Amino acid sequence: MLTVHHLGKSQSERIIWLCEELGIPYELKRYTRDARTMLAPAEYKALHPAGTAPVITDGELVLAESGAIVDYIVAKFGAGRLVPGPDDPAFAQFLYWLHFANGTLQPGMGRMMILNRLDLAQDNPTLVAMKGRLDRAHDLLDARLREAEYLAGSAFTTADIMTVFSLTTMRYFQPYDLQRCPNVIRYLGRIGDRPAYRRAMEKSDPGMALLLS
């Protein structure tokens, strides 16, 4: 049995959502963050040497890194779903946005979260530069979603699953005003209408308000 080890309010929500979209059987084990530090508890850190979320187990396999886990699950259980092939016209866009999620957008949110904790002056050059990079990342997304229903094109893919966390739950840790990105907001409305997303979020973090706007 595939087991998803979910740390509350973390990137592991992506894995639950993927399993729900594919309709595959899995066991969900939930872990609560430390109330003071908001870090993972010791039993979660012990799952994998990286000590970070997400983690899955599948028989003897223990796998971390959300991108690797998503690729593993769709390769083993997806039967070609949610991933366009190399002959699909959407393939290049799919690859770009799939890797943009954790290569550009999520690191940008993480850097701003750390910098904002340092209580820097608002004109600090590093802070200004990193804010500018994060704004450009959102501008790229907004421009793409002005012309396409989903990030790869007309079809929902794992690129969307990888991206949405940074636009929603991550804002509990690093607020970002999405009102400057109207196409992103409309996109999140479409995401919120997906039954699998709603099921996944209720299972992963019951009662948590979904930051879809």
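Up top you'll find the structure we're talking about.
Quick caveat, the model's predicted, so the values are computed rather than measured.

Rules of the game
Residues numbered from 1 in each chain as written. Predicted model: local features only at pLDDT ≥ 70, side-chain atom pairs only at ≥ 80, totals over all residues. Heavy atoms only, no water. Helix = DSSP H or I, 4+ residues; strand = E, 2+ residues; numbered from the N terminus. Rg over C-alpha atoms; globule rule 2.2 N^0.38 Å. Buried < 20%, exposed > 50% of the residue type's maximum accessible area, 1.4 Å probe, protein only. Contact = heavy atoms within 4.5 Å. Areas by Shrake-Rupley, 256 points an atom, 1.4 Å probe, with all protein chains shown as cover. 1 Å grid on protein atoms, 1.4 Å probe; cavity = no way out; pocket = protein on both sides within 12 Å on 5 of 7 lines; lining within 4 Å. Points joined across faces, edges and corners; volume = space filled by probe spheres on them. Nonpolar A, V, L, I, M, F, W, Y, C, P; charged D, E, K, R; others polar. Pairing = 2+ DSSP bridges. Axes fitted to C-alpha atoms, helices over the stretch in contact; angles between N-to-C directions. Polar contact = N/O pair within 3.5 Å; in protein donor to acceptor, adjacent residues only side chain to side chain. Right-handed = clockwise from strand over helix to strand, strands pointing away. Parallel < 35°, antiparallel > 145°, perpendicular 65-115°, else oblique. Left-handed = near helix turned anticlockwise from the far one by under 90°. Salt bridge = Lys/Arg side-chain N within 4 Å of Asp/Glu carboxyl O.

Colleague: For this particular structure, what's the right way to read the overall build of the chain?
Modeller: The helix and strand inventory of the chain stands at eight helices and four strands. Put simply, the chain runs from its N terminus to its C terminus through helices and strands in the order β-α-β-α-β-β-α-α-α-α-α-α. Against the compact-globule benchmark of 17 Å for 213 residues, the chain has a radius of gyration of 17 Å, which places it among compact chains. Along the three orthogonal principal directions, the C-alpha set of the chain runs to about 50 × 45 × 30 Å. Taken across its 213 residues, the chain has 51% of its residues classed as buried. Look at the contacts in the chain between residues 6 or more apart in sequence, and 68% of them connect residues 24 or more apart. Accessible surface for the chain amounts to roughly 10300 Å². Of this, 55% is attributable to carbon and sulfur atoms.

Colleague: Mind showing me how you'd approach the layout of surface pockets here?
Modeller: One way to see where empty space is left: roll a probe the size of a water molecule over the atoms. Of the pockets and cavities examined, the largest pocket occupies roughly 630 Å³. Lining the largest pocket are 23 residues; nearest its centre among them are Leu7, Ser10, Gln11, Arg33 and Ala53. Counting residues per element, the lining of the largest pocket draws most heavily on helix 4 (residues 91–117), at four residues. A per-class count over the lining of the largest pocket returns ten nonpolar, eight polar and five charged.

Colleague: Mind showing me how you'd approach the sheet that holds strand 3 (residues 55–58) here?
Modeller: Hydrogen bonding along the main chain pairs the strands of a sheet, whether they run parallel or antiparallel. Across the sheet, four strands lie side by side as 2-1-3-4; this open sheet has mixed pairing. In the strand order of this sheet, the two ends are held by strand 2 (27–31) and strand 4 (61–64), each with one partner. Here the strands of the sheet are splayed against their neighbours by 20° on average, with no regard to which way each runs. Bridge analysis of strand 1 (residues 2–7) against strand 2 gives five bridges, and the strand direction is parallel. Counterpart to His6 in the pairing with strand 2 is Arg30. Taken strand by strand, helix 3 (residues 66–77) contacts strand 1, strand 3 and strand 4, and its axis lies near 130° from that of strand 4.

Colleague: Where do I start with helix 6 (residues 158–167) in this structure?
Modeller: For the α-helix, the turn length of 3.6 residues means that residues three or four positions removed from each other point alike. Counting buried positions over the ten residues of helix 6 gives ten, a clear majority of the element. Residues of helix 6 that are buried: Thr158, Ala159, Asp160, Ile161, Met162, Thr163, Val164, Phe165, Ser166 and Leu167. Those residues of helix 6 hidden inside the fold are in contact with helix 1 (13–22), helix 3, helix 4, helix 5 (125–147), helix 7 (182–192) and helix 8 (195–204). Its side-chain oxygen at 3.1 Å from the backbone nitrogen of Ala159, Thr157 defines the N-terminal cap of helix 6.

Colleague: Teacher, can you tell me more about the pairing of strand 1 here?
Modeller: On a regular strand, one side chain projects to one face of the sheet and the next to the other, so that they alternate. Counting buried positions along strand 1 gives six out of six residues, so the element sits mostly inside the fold. Because side chains alternate across strand 1, one face comprises the buried residues Leu2, Val4 and His6, and the other comprises Thr3, His5 and Leu7, equally buried. This β-α-β element, strand 1 to helix 1 to strand 2, shows right-handed connectivity.

Colleague: Quick question: what am I supposed to make of the packing of helix 4 against helix 6 here?
Modeller: Angle between the axes and distance between the axes are the two parameters that describe a pair of packed helices. Here helix 4 crosses helix 6 at 15°, and the two axes come no closer than 8 Å. In this view, helix 4 runs roughly parallel relative to helix 6, as classed from their interaxial angle. Taken as a pair, helix 4 and helix 6 cross one another with a handedness that is left-handed. Taken together, the residues of helix 6 that come into contact with helix 4 (itself represented by Phe94, Trp97, Leu98, Ala101, Asn102, Leu105, Gln106 and Met109) are Thr158, Ala159, Met162, Thr163, Phe165, Ser166 and Leu167.

Colleague: Please clarify how the pattern of salt bridges should be interpreted in this entry.
Modeller: Pairs can form between side chains of opposite charge whenever their charged atoms are close. Applying the stated criterion to the full structure yields eight salt bridges. Between Arg199 and Glu20 there is a salt bridge; the shortest N-O distance is 2.8 Å. With Arg199 in helix 8 and Glu20 in helix 1, this residue pair connects regions lying 179 residues apart in the sequence. The closest approach of N and O atoms between Arg144 and Glu147, which form a salt bridge, is 3.0 Å. Note that Arg144 and Glu147 are positioned in helix 5 at a spacing of three residues, about one turn of the helix. The exposure class of Arg144 is buried, given its relative accessible area of 10%.

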